[in-house]
Amino acid sequence: MLTEGTIEEVRVLQTVTLLLTTSDIARGITLSKCLVICFNLHFNRGDQTVANTASATVRQLVSLVFERILSEDKTTDCKEPREDAESNLEELKALKGVSPKSLQPFAGDAFLLFQDLISLVNGDQPSWLIGMNEMTRTFGLELLEMILSTYPAVFFSHPEFVFLLKERVCALVIKLFSPNVKHQSRSSPAQQAASQDKPYYPVSLRLLRLVTVLVQKYYKILVTECEIFLSLLVKFLDPDRAVWQRCLALEALHKLLAQPNLLKSIVVSYDLKPHASPILQDTVNALSAFIQSVFVLPQVVSGTTATVAAGGSAQNPQVSSNATAGTVGLSGFYYRGVWIPLLTNLLTEPQRNTFLDGLDKSEPPGIPDGYGISVAYACLLSVIKSITILIEEETEGDGDITSMDKEERKLKVQLINSSWCGLLNAISMLLEASTDEVGTDSLLRALEGLAGLTGRIKLDTPRDAIITAICRASLPPHYGLAVLGVSPTSKGHAKTGSNDQAYYQSLQQQANDNDYRPHVVAVGTPLVTPGMPQGIQQGPVMLTAKNLQVMRSILTLAQKYGSVLEVTSWNVILITLQHLSWILGIKPIAGGIKGRNPLVDSNNVLTTAVMADIPIVSSMMVDLFETSNMLDDWSLRQMLDGLCKLSNESMEVAYSNREPSFFGVAKLLEISLVNLHRLEMLWKQVTDNFLQLAFHPSLRLREWGVEALTSLIRAAIHVKFEPPLKQNQKIQALLLGPLVDLSTTTYSDVRQRQLDCVLGVLHARGESLTEGWPLVLETVGALTPSQSESLVRAAFQCMQLIVTDFLPIIPIRCLPLIVETVGCFGSQTQELNVSLTSIGMLVSHIHPSHKFIIVNMYFHLTYFMFTQIPCIFHVSLEFRKFFFSDVKLNLLNIQRSRSVCRIRIKYGHLI
C-alpha cells in the first residue's frame, strides 16, 4: 500500500504501466515520453525504492514495446506489402526521430527505442527519447541483452532491425571490447575517474553476456561479426588479463561450446573457410594454453597474475603451491609443485555462473581455488560431447565412413582436425597431474571417446596420438619415453622450452624435492625391446595405482573401439600391455590356455592392493582377445599384424641372448583359436610366424613356437567347416602344410612335437583326410640320418596307425606313396627293429577290397626293396629270411613279370 509522503513517483510509475499495458493508444511521441519518465525515475538517486521500481518498470515497458511487434506482425498478412527496406539504407544511417516508412507503427516505435538505447550506451544523444537526463552503460547493456535474447524473431523478420544489429550493435560491442576503452558514464565522473587504470568489471560482465547472446542467437546473420566477437573473446584468456576477466571468458565459452549446432555453424562458417579464422581451433588451443599456464610455477612467470592464474585466490596467491602427500586421493591436480583442487560439482551439476550471473555485483567476487581450471576442464568436456553428438547424429550403425556424403565427411573431419591437438595437450597434462581416481577416470573416458571418434572418421594421426598419450600415462614417464618413443609431455608443453632430457631431469628433481609421492603398488624389472637405451634396461620399474587404472582404460578402449583401430594403433596398445604384463609379472600360459587367474612371477614386488587387481586386469585382457571374433576381417588383420610385430621383436631380442617376452606369441595363439571360423583369412600369417619361432635358435622361443603351432592345428582339425573337412581339399592342405614345413627342422624337440601332433590328428580326424594323406605321409616319412632312435620310433608309430587303421580308406593313388614311405622306414639304419617290422606291415594289413591292385602294389614294394636297400638285403640274413617268409607266397601268385625277372637275375643267389 502506497504511503502519502515521499513516493508519489511510484504512483506515476504504476499509472504509466497501467496506461501502456491496457491500451495501444500510447504510441509514437506519447510512448516516448512515458518511457523517458520511467528512465529518469530509475536514475533518481534520492530514493532507492523508486529507482528499483522504475528499473523493473522500464524492463516491463521495453518488453511491451517489442511484444506489440509480434502481435502486429500476425495481422499484417492481409495488408499491403511493405516497401523494400533495402532502398532505405541511407535513411536508416541518418539518425532521425521518425521511424522508417517500411515499418508498421508498433515496429517503428520499437525501432526508434532500440536505436536510442544503442546511442545512449555509446555515449551519444538520443533522437527519440527526448528528455533523457542520464543513462548508465551497465543498465543500457542489460536492456540490449534482454531485447536480443527475448525477441530474435523481430530481428529475423525485419531487415531494418538487422541493419541496426549489424551497423550499430556490433560496432558498439567491438568498441567496448577494445582494451583502451574504459567505463564511461556521463553522470558518474567519479566512477569514470576510478576506472581509468583498469577494466570496469560491471561493463565487462554485461558485454560478455551480450556477446554470448549475439553468437548464440544471431550467428546466421552476423557471420563476419561473430568471427570478430569470438576472436576477441578468446583473447580474454591471455595471461596478461585479470583473473576475473579470464574466468568471465571461460564461463561464456562454456555456454557456447556446450551447443552442438552452434559448434557446427562455427566450423562451417570459419574453420572450413580458407580465408577465415579457425575459430574452433583457436578456442580449443586457447583453453589448452590456459590450462598449461595454470601450472606454471611462480618463479617461472613473474608477477602475481601468474600465481593467481595458477588457481589461488587474489588474497592468498600462494595457497596452491604448498601441496603435501595429503593431497593424494583428493580431487585435483598436482604438477611440479603446484596443487590445484578440482571443483567436481561444476562437471556434474548445472551451476550458477559465479561471474556471468553476478549482475548485482559491482566488484569481482572471490574466486574459489581451482575455479578457473575446473571451468576450463568443463569447456573441454563440452567440446568433446558436442563433437560426439555431431559425428554420431547422422552416422548410425557401425558408422562406416564410406556411408557419408562428401560434405558430411568434410565437416566431421574438420571438427576433429580443429580440436584434437588442443584437447589432447590439455587433457594429457591434466591426466599426468591428476591425483584422484574419479578425476582420472573422467579424463580417461574423455580421451577414450575422442579416440573412438577419430577412429570412426579414419583420421590416423590424431587417433594414434591420442592412444599413444593414454598408453604413455600407463607407464612411468622415463620408461614410456624409451618404450613408445614419444616425449612424456605433449607437444603443447614445448612452450615452456623443455626437451625430453630436461623434462626427465625435472621429473627426477621433483621426485627428490617434493613432498608429493604417488602410491607405488608394483615393482618389476624392465622388459628389453629392440632399440631401448642401455640405461633404461637397468634398475627397477615402479607402477602406481594410476598406472593400473590407465591400463584398465586401455583394455576398455581396445575392446570398445577395436573395429576402428589400425595396425599402428594396435602396435602401441599391444606394446604397452606387453610391458605392463612384464612389470606386473603376469606370465602368459602356453598352448592357448586362457587364464583369468594368471601365474605371477614371484620375483616381482606387488602390494596387496595390486594382487587383487591382477585377476581383474587379466580377465579384461582375456575378454579383449576373446571378443576379437566380433571384429570384421579388416580389423582382425590389423590386430594380427600388431601381434606378429611383437613376436618378431621377441625373436630379435632373443638373438642378442636377452630374455624375450612371450606375450606376442601367446596372444597370437589366443586370438587365432577364437577365430578359427575364418581360418583361411588368418592361417598363413599366423602359422608363418609360428614357424619362424619354431626354427629359432632360442630353446624357449622354439618351444613356444612349435607348441603354439601344434595346438592351433589340433584345435582347427575339430572345426566344422563348410564344405566339411572330408570334402574340403583346400582346408586339409592349409591345416597339414605347416606340419610338412616343420619336417626340415634339425631340432629334435621340434620334430618330436610335430610327430605328436600328427598322431593326434590321425586319432581325431584321420578318417576325414581324403586329400591330405600325401602331406601326412611326407611328414611321417621325413627321416634323416641325424634323427635319433626315439624320433624314428615316434614316426613309425604314426606309420603303423596309418596302415592298421586307415589303409582301407586311403585313396588308391596314395598306395605307392605308402609303399615308398614304408620303404623309408625299412631303409633307415638307426632302428633295426623298425626296418624289419616295416616290410611285413603292409602285407598283413592289405584289405580284400584292394585285391585288384595287389599285384601292382607288390610290384612297387618288391622293386623298391630290392633296388633301394640292397645293403640291408646283402648283409642281413635275418632280413632275407623275414622278407621271403612273408612275401614269397605272394610273389608266386605273380605271373612272369619283369620285376620278378629282375629280382631273380640280381638276387637269385641269395634266395
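Residues numbered from 1 in each chain as written. Predicted model: local features only at pLDDT ≥ 70, side-chain atom pairs only at ≥ 80, totals over all residues. Heavy atoms only, no water.

Labelled according to an unreviewed UniProt entry, the protein appears under the name Protein MON2 homolog, originating from Artemia franciscana. Recorded under Sequence similarities (unreviewed entry), the UniProt text for the protein is reproduced unchanged: "Belongs to the MON2 family." (UniProt positions renumbered as here; feature names shortened; annotations may be inferred.)

To continue, consider the overall build of the protein. Of regular secondary structure, the protein possesses 39 helices and seven strands. Within the protein, the fraction of its 911 residues that count as buried is 55%. The contacts of the protein with a sequence gap of at least 6 include a subset with a gap of at least 24, amounting to 73%. (Helix = DSSP H or I, 4+ residues; strand = E, 2+ residues; numbered from the N terminus. Buried < 20%, exposed > 50% of the residue type's maximum accessible area, 1.4 Å probe, protein only. Contact = heavy atoms within 4.5 Å.)

Another point: the packing of helix 24 (residues 567–584) against helix 25 (residues 608–626). Interaxial distance between helix 24 and helix 25 falls to 12 Å at its minimum, and their mutual angle equals 150°. Considering only the axes of helix 24 and helix 25, their crossing is left-handed. Counted together, Trp-570, Leu-574, Leu-577, Ser-581 and Leu-584 of helix 24 and Val-610, Ile-614, Met-621, Leu-624 and Phe-625 of helix 25 form the full contact between these two elements. (Axes fitted to C-alpha atoms, helices over the stretch in contact; angles between N-to-C directions. Left-handed = near helix turned anticlockwise from the far one by under 90°.)

The next subject is helix 18 (residues 406–433). Along its 28 residues, helix 18 runs 40 Å from first to last C-alpha, staying within 8% of the 40 Å computed at 1.5 Å per residue. The largest bend in helix 18 amounts to roughly 40° and is located at Ser-419. Helix 18 sits mainly inside the fold: 21 of its 28 residues count as buried. Where helix 18 starts, the residue carrying a side-chain oxygen 3.3 Å from the main-chain nitrogen of Glu-407 turns out to be Asp-405. (Expected span 1.5 Å × (residues − 1). Bend = angle between axes of the 7 residues up to and from the residue. Polar contact = N/O pair within 3.5 Å; in protein donor to acceptor, adjacent residues only side chain to side chain.)

So, about the pattern of salt bridges. One pass over the structure, following the stated rule, counts 24 salt bridges. Across the salt bridge formed by Arg-753 and Glu-707, the nearest N and O atoms sit 2.7 Å from each other. Residue Arg-753 is located in helix 31 (residues 748–765), and its partner Glu-707 is located in helix 29 (residues 699–716); the two are separated by 46 residues in the primary sequence. Salt bridges sharing partners connect three or more residues here, namely Asp-460, Arg-463, Asp-464 and Glu-566. (Salt bridge = Lys/Arg side-chain N within 4 Å of Asp/Glu carboxyl O.)

Of note, the amide linkage connecting Glu-722 to Pro-723 takes the cis form, showing an omega dihedral of 0°. Topologically, Pro-723 is positioned in the loop between helix 29 and helix 30 (729–741). In this model, Arg-336 sits at a positive phi of 50°, which is unusual for a non-glycine residue. Of note in the backbone geometry, Asn-657 takes a positive phi value of approximately 60° without being a glycine. By the secondary structure assignment, Asn-657 is in the loop between helix 26 (633–655) and helix 27 (663–673).

The next thing to look at is the confidence of the model for the protein. Looking at the protein as a whole, the pLDDT averages 80, with 76% of positions reaching at least 70. Taken element by element, the predicted model of the protein shows its lowest mean pLDDT in helix 15 (residues 304–309) (36) and its highest in helix 28 (residues 679–694) (95). Within the model, the stretch residues 180–197 combines pLDDT values under 50 with 28 contacts to residues more than four positions away or in other chains. Here residues 886–900 scores under 50 on pLDDT; set against residues more than four positions off or in separate chains, the count is 12 contacts. (pLDDT = per-residue confidence, 0-100.)

Another aspect to go through is the nonpolar core. In summary, soluble globular proteins display a tendency toward joint burial of nonpolar side chains. Counting 265 residues, the largest nonpolar core has Phe-39, Phe-66, Phe-295 and Met-799 as the members making the most contacts within it. The element best represented in this core is helix 18, accounting for 13 residues. Those residues within four positions of Met-799 in sequence are excluded, and the remaining contacts are Leu-777, Val-780, Ile-818, Thr-821, Val-822, Phe-825 and Met-841. (Core = buried A, V, L, I, M, F, W, Y, C linked by side-chain atoms within 4.5 Å.)

Attention shifts here to the packing of aromatic side chains. All chains considered together, the criterion is met by 18 aromatic pairs. Ring geometry for Phe-66 versus Tyr-151: centroids 5.7 Å apart, planes at 20°, classification stacked. Pair noted here: Phe-66 is in helix 3 (residues 48–74) and Tyr-151 is in the loop between helix 6 (137–150) and helix 7 (152–157), with a separation of 85 residues, a long-range link. Plain terms: the ring middles of Phe-155 and Phe-161 are 5.5 Å apart, the flat faces sit at 80° to each other, and that makes the pair edge-to-face. On the basis of relative accessibility, which here comes to 0%, the residue Phe-161 falls in the buried class. One residue, Arg-241, lies across the ring of Phe-236, its end atom 4.7 Å from the ring centre. Above the ring of Tyr-747, the side-chain terminus of Arg-702 is found at 3.8 Å from the ring centroid. (Phe/Tyr/Trp six-rings, centres within 6.5 Å; stacked < 30°, edge-to-face > 60°. Lys NZ or Arg CZ within 6 Å of the ring centre and 35° of its normal.)

As for its placement among the helices and strands, Ala-54 is situated in helix 3. The class for Ala-54 is buried, based on a relative accessible area of 0%. Separated by 11 residues in the primary sequence, Ala-54 and Phe-43 place their C-alpha atoms 8.4 Å from one another. Leave out the neighbours within four places in its chain, and Ala-54 touches Leu-13, Cys-38, Leu-41 and His-42.

Attention now moves to helix 27. Within helix 27, 10 of the 11 residues are buried, leaving the element largely enclosed by the surrounding structure. Structurally, helix 27 contributes buried residues whose contacts are with helix 24, helix 25, helix 26, helix 28 and helix 29.

Next up on the list: the sheet that holds strand 3 (residues 520–524). In space, the three strands of this open sheet follow the order 4-3-7, with antiparallel pairing throughout. Here the strands that pair on one side only, and so sit at the sheet edges, are strand 4 (541–544) and strand 7 (605–606). Relative to strand 7, strand 3 runs antiparallel, the two being bridged by two bridges. Within strand 7, the position partnered with Val-523 by the bridge is Val-605. (Pairing = 2+ DSSP bridges.)

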